[in-house]
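Spelled out, the chains give:
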Amino acid sequence: MRRYSRNDVGNVHCSKSLVTGSPVGECLRIRNFQNYQHQKQPQNILSKIIISLGRKCAKSYLHVYDAVYGIWFMYKTGQLSYDYYKQYSKLDERFGIQEKMDAWNARFVQGKKNFDEWERQHEIGRRVLAGFRTAWLVEEKRRKQTRYRIVQYADNVRKWCRRFVRAVWDAITGGGSSSLREVLKGIR
């Protein structure tokens, strides 16, 4: 029976971290990675060459795999598109879908031309747009006035509070209570 070391437990938990709980698996994975970083790298030049060649081969394999998979995906997509085209042509021969769509589009285009001509003759579109534009400008002007009015009220309250605090301070420090009397008269 094999005995597992701490690193083996980390590897097992790393692959099953979603099952056993992400924090535990993540903690064990980080510990395993830190142990791997502190291990001595091979000093033999032959082993370094083999490791670097293995990495290059793996990267090359992945690039080739991605390219082949991309080409395969495009081929399958084109094949699917061609199958749909054949199925559509069968349905079109049976039901005349394309002729009906062309007739419907022609009717829509003619209806659009007729509507544009009627609108141009009666100038209804321009009047409606002018009405919308006028309503928009009136609403915008009303909002600006309201906004400015609110800002003015806020500024007046700020100034009054400043005068009141200054008058109370003057009354407390002995600077005179006449300014406080004026503020209090303004409240009444």
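What you are looking at is a predicted structure, and each value in this text was computed from that prediction instead of being measured.

Our focus in this paragraph is the overall build of the protein chain. Tallying secondary structure elements over the protein chain gives seven helices and zero strands in all. Beginning at the N terminus, the succession of helices and strands in the protein chain can be written as α-α-α-α-α-α-α. Considering the protein chain as a whole, with its 188 residues, one finds that 6% of them fall into the buried category. Restricting the contact set of the protein chain to residue pairs at least 6 apart, pairs at least 24 apart contribute 12%.

The end-to-end C-alpha distance of helix α4 (residues 45-95), which contains 51 residues, comes to 74 Å, matching closely the 75 Å that a straight helix rising 1.5 Å per residue would cover. Measuring from the side-chain oxygen of the N-cap residue of α4 to the backbone nitrogen of Leu46 gives 3.2 Å; that N-cap residue is Asn44. Positioned one or two residues after α4, Gly96 has a phi angle of 65°, which is positive.

Turning to the confidence of the model for the protein chain, a few remarks are in order. For the protein chain, the mean per-residue pLDDT works out to 76, and 66% of the residues sit at or above 70. Note on residues 4-20: pLDDT under 50 across the span, and 14 contacts to partners over four residues away in sequence or across chains.

For the pair α4 and helix α5 (residues 97-122), the least separation of the axes is 6 Å and the interaxial angle reads 75°. Between α4 and α5, the crossing angle belongs to the class labelled roughly perpendicular. Where α4 approaches α5, its residues Tyr88, Leu91, Asp92 and Phe95 are matched on the opposing element by Ile97, Gln98 and Lys100. Taken together, the residues of the contact of α4 with α5 break down into four nonpolar, one polar and two charged.

This paragraph deals with the packing of aromatic side chains. Taken as a whole and judged by the stated rule, the model has four aromatic pairs. Judged by centre distance (6.2 Å) and plane angle (15°), the rings of Tyr65 and Tyr69 are stacked. Placement of the pair is Tyr65 and Tyr69 together in helix α4, with a separation of four residues, close to one helical turn. Taken together, the aromatic side chains of Tyr61, Tyr65 and Tyr69 make up a single cluster linked through ring pairs.

Using the criterion set out here, one finds three salt bridges in the structure. In this structure, Asp116 engages Lys112 in a salt bridge whose closest nitrogen and oxygen atoms are separated by 2.9 Å. Placement of both Asp116 and Lys112 in helix α5 is noted, with a separation of four residues, approximately one turn of the helix.

Scoring rules and cut-offs
- Residues numbered from 1 in each chain as written.
- Predicted model: local features only at pLDDT ≥ 70, side-chain atom pairs only at ≥ 80, totals over all residues.
- Heavy atoms only, no water.
- Helix = DSSP H or I, 4+ residues; strand = E, 2+ residues; numbered from the N terminus.
- Buried < 20%, exposed > 50% of the residue type's maximum accessible area, 1.4 Å probe, protein only.
- Contact = heavy atoms within 4.5 Å.
- Expected span 1.5 Å × (residues − 1).
- Polar contact = N/O pair within 3.5 Å; in protein donor to acceptor, adjacent residues only side chain to side chain.
- pLDDT = per-residue confidence, 0-100.
- Axes fitted to C-alpha atoms, helices over the stretch in contact; angles between N-to-C directions.
- Parallel < 35°, antiparallel > 145°, perpendicular 65-115°, else oblique.
- Nonpolar A, V, L, I, M, F, W, Y, C, P; charged D, E, K, R; others polar.
- Phe/Tyr/Trp six-rings, centres within 6.5 Å; stacked < 30°, edge-to-face > 60°.
- Salt bridge = Lys/Arg side-chain N within 4 Å of Asp/Glu carboxyl O.

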